Amino acid sequence: MVGRASTPGRRGRPRQAEVARLAGVSQTTVSLVLGGNKQGIALHEDTRARVLAAAPIVLFVAIGILLAAVKLPGAIEALNPLVGAVAPEHPVVFVLVFTLLVPLCLYRGPLNVFGLGAGIAGVLIAAGIYPAVAVLGLTASYNQVFGVSDPTSTQTVWAAQYSGVSPQRVMLRTLPYVWCVALGGLCVTAATYL
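Okay, so let's go over this structure. (Residues numbered from 1 in each chain as written. Predicted model: local features only at pLDDT ≥ 70, side-chain atom pairs only at ≥ 80, totals over all residues. Heavy atoms only, no water.)

Details of the overall build of the chain
Moving on, step 1. When its secondary structure is counted, the chain shows 9 helices and 0 strands.
Moving on, step 2. Its helices and strands in sequence order give the chain the pattern α-α-α-α-α-α-α-α-α, from N to C terminus.
Moving on, step 3. Counting across all 194 residues of the chain, residues that qualify as buried make up 35%.
Moving on, step 4. In the chain, the proportion of contacts linking residues at least 24 apart, taken out of those at least 6 apart, comes to 62%.
Moving on, step 5. Per element, the accessible surface of the chain, about 11200 Å² overall, is 67% carbon and sulfur. (Helix = DSSP H or I, 4+ residues; strand = E, 2+ residues; numbered from the N terminus. Buried < 20%, exposed > 50% of the residue type's maximum accessible area, 1.4 Å probe, protein only. Contact = heavy atoms within 4.5 Å. Areas by Shrake-Rupley, 256 points an atom, 1.4 Å probe, with all protein chains shown as cover.)

What about helix 6 (residues 116–126)?
Moving on, step 1. Restricting attention to buried positions, one finds in helix 6 the residues Gly117, Gly119, Ala121, Gly122, Val123 and Leu124.
Moving on, step 2. Among the residues trailing helix 6, Gly128 stands out with phi positive, at a value near 70°.

Comments concerning the side chain of Thr139
Moving on, step 1. Mapped onto the fold, Thr139 is located in helix 7 (residues 132–149).
Moving on, step 2. A polar contact is formed between the side chain of Thr139 and the backbone oxygen of Leu136, at a distance of 3.0 Å. (Polar contact = N/O pair within 3.5 Å; in protein donor to acceptor, adjacent residues only side chain to side chain.)

A few points about the packing of helix 1 (residues 16–23) against helix 2 (residues 27–34)
Moving on, step 1. Two numbers describe how helix 1 lies on helix 2: the axes approach to 8 Å, and their chain directions differ by 105°. Overall, the two elements helix 1 and helix 2 adopt an arrangement that is roughly perpendicular. Between helix 1 and helix 2, the contacting residues are Gln16, Ala17, Val19 and Ala20 on the first element and Gln27, Val30 and Ser31 on the second.
Moving on, step 2. Counted by class, the contact of helix 1 with helix 2 contains 4 nonpolar, 3 polar and no charged residues. (Axes fitted to C-alpha atoms, helices over the stretch in contact; angles between N-to-C directions. Parallel < 35°, antiparallel > 145°, perpendicular 65-115°, else oblique. Nonpolar A, V, L, I, M, F, W, Y, C, P; charged D, E, K, R; others polar.)

A look at the environment of Leu100
Moving on, step 1. Examined against the element boundaries, Leu100 turns out to sit in helix 5 (residues 91–100).
Moving on, step 2. Separated by 83 residues in the primary sequence, Leu100 and Leu183 place their C-alpha atoms 9.2 Å from one another.

Focus on the packing of helix 7 against helix 9 (residues 167–193)
Moving on, step 1. Interaxial distance between helix 7 and helix 9 falls to 8 Å at its minimum, and their mutual angle equals 170°. Taken together, the axes of helix 7 and helix 9 lie roughly antiparallel to each other. Facing Val133, Ala134, Gly137, Leu138, Ser141, Gln144, Val145, Val148 and Ser149 of helix 7, the residues of helix 9 in contact are Val170, Met171, Thr174, Leu175, Val178, Val181, Ala182, Gly185, Leu186, Thr189 and Tyr193.
Moving on, step 2. Among the residues forming the contact of helix 7 with helix 9, the class breakdown is 13 nonpolar, 7 polar and no charged.

Here's the deal with the environment of Leu116
Moving on, step 1. Checked against the element boundaries, Leu116 lands in helix 6.
Moving on, step 2. With 11 residues separating them along the chain, Leu116 and Cys105 place their C-alpha atoms 9.5 Å apart.

Quick notes on the nonpolar core
As a rule of thumb, nonpolar side chains are buried together in soluble globular proteins.
Moving on, step 1. With 24 residues, the main nonpolar core has Phe94, Phe98, Tyr130, Leu138, Tyr142 and Val145 as its most contacted residues.
Moving on, step 2. With 6 residues, helix 9 is the single largest residue contributor to this core.
Moving on, step 3. Of all hydrophobic cores here, the second largest spans 8 residues; its members include Ala23, Val25, Val51 and Ala54. (Core = buried A, V, L, I, M, F, W, Y, C linked by side-chain atoms within 4.5 Å.)

Some remarks on the layout of surface pockets
Moving on, step 1. Size it by volume and the second largest pocket reaches roughly 370 Å³.
Moving on, step 2. Val83, Phe98, Leu111, Ile120 and Leu124 are, among the 22 residues lining the second largest pocket, the residues nearest its centre.
Moving on, step 3. A per-element tally of the lining of the second largest pocket places helix 6 first, with 6 residues.
Moving on, step 4. Residue classes in the lining of the second largest pocket are distributed as 19 nonpolar, 3 polar and no charged. (1 Å grid on protein atoms, 1.4 Å probe; cavity = no way out; pocket = protein on both sides within 12 Å on 5 of 7 lines; lining within 4 Å. Points joined across faces, edges and corners; volume = space filled by probe spheres on them.)

Dropping the structure here:
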């Protein structure tokens, strides 16, 4: 695997082998730490901390690779047919498709602006699929959903704890409203920049 680019595993999660290599531990240790160590095996706190720190680093490396990849010679030419084939061109279709994709910014999903969504935005801009301001409108619309409803965002967790409810309940109660806010942002983006 030397010289091979590190990419996240299925469903956007880092692979255990990559986390183990970065943390300097075995895959078994990674499995124990990330699985909650239900067996009660004694692990040094330093080892546990290295594994917990390595997992998001592997994912961020993958995001960085995606952003760096679009700068490589020939990358845009190679990506353009693929991205161009799936990216909606008509403003109404743009609004409909990206409104339906709103849930993909939740739970640190692939359209989350603070994760892989930044890489995808970079590809959309670099490939010339949408103007940069339109991608900014798209990501800002998704950020409204993330900022209010995502049960993995810090502010949602804090607000939920303060209110005495679960973050998932906050998501279920607020998602219909912020989905409409995202729809509004996408409509303004499409009308103004597409």
